[in-house]
Amino acid sequence: MKQKLSLRLFLLGIAFGALGGAAVLVASAYGGSSSASRAPKGALVALRKTTLGPVLVDAPGRTLYVFAKDLGGKSACDTTCVKFWPPLISRAQPRAGAGVHKSMLGVTRRQDGHRQVTYAGHPLYAFVGDKTAGQTSGEGLTNFGAEWYALAASGRTVEPSTPPSAGGYGSGGGW
C-alpha cells in the first residue's frame, strides 16, 4: 500500500513538473508571463532635420526613402534590392513621432510575408549607405531601375533645394 502511494505521489510530481515546464515554454513563446505588458511595439516613424530639410526617419534616426518603382502601395524592391534598401518592418501598428501624421501611417504585406511600414501609401526603406543619423546619401539615386527619394511629413518627396550643376540634360530644374 505504501509503495502504491509513493508511486502515485512520484507520478503526480512528474505531472505537475511537466505542466510547470509547459507553462514556462508558453510564456517564453509569447515574450514573457504577461502578453499584455509585453505587446510588441510598432516601428517608430519620426521627423529629423537634414540638409534636405525635415524628413521621415526611423527610431535610430536613419532617413526613410520611397522607391519610385513601387506601385499601388506594393514594394517592387526584393531579393538583392533589400540588401541595400532594407524595408522598414513592423510587427505591430507603426507609431508616429512628433510632426508625423499618424493617419498617413500604414502597412503593406511584402512578398516574403513581412509587414512593411507605409506613409501616404508609399512603402518605406532605409539605405545602407547612410552611416549616421540624418544622413541622406540615398536621395536621388537610381538603383534597381528607379529613383529613391526622402519623404517629408506631407507625404511628398523631398528634393535638394539647390539643383545639381547643369551638365547635359536641360536646365537641371528637376521633375
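What you see is a predicted model; the values in this text were computed from it and never measured.

Rules and cut-offs
- Residues numbered from 1 in each chain as written.
- Predicted model: local features only at pLDDT ≥ 70, side-chain atom pairs only at ≥ 80, totals over all residues.
- Heavy atoms only, no water.
- Helix = DSSP H or I, 4+ residues; strand = E, 2+ residues; numbered from the N terminus.
- Phe/Tyr/Trp six-rings, centres within 6.5 Å; stacked < 30°, edge-to-face > 60°.
- Buried < 20%, exposed > 50% of the residue type's maximum accessible area, 1.4 Å probe, protein only.

K.L.:
Help me understand the environment of H122, please; the structure alone is not making it clear to me.
P.N.:
Relative to the helices and strands, H122 resides in strand 7 (residues 122-123). C-alpha of H122 to C-alpha of L151: the two residues are 29 residues apart in sequence and 9.4 Å apart in space.

K.L.:
When you look at the packing of aromatic side chains in this model, what are you seeing that I'm missing?
P.N.:
For any two aromatic rings, the description comes down to two numbers: the centre-to-centre distance and the angle of the planes. Scanning all chains against the criterion turns up seven aromatic pairs. Seen from their ring centres, Y65 and F127 are 6.5 Å apart, and the 85 degrees between their planes marks the pair as edge-to-face. Here F127 lies in the loop between strand 7 and strand 8 (148-151) and Y65 lies in strand 3 (residues 65-67), a separation of 62 residues in the sequence. This pair shows no difference in class: Y65 is buried, exactly as F127 is. Where F67 meets W148, the ring centres are 4.0 Å apart and the plane angle is 10 degrees; that geometry is what we call stacked. You can see F67 sitting in strand 3 and its partner W148 sitting in strand 8, a full 81 residues away along the chain.

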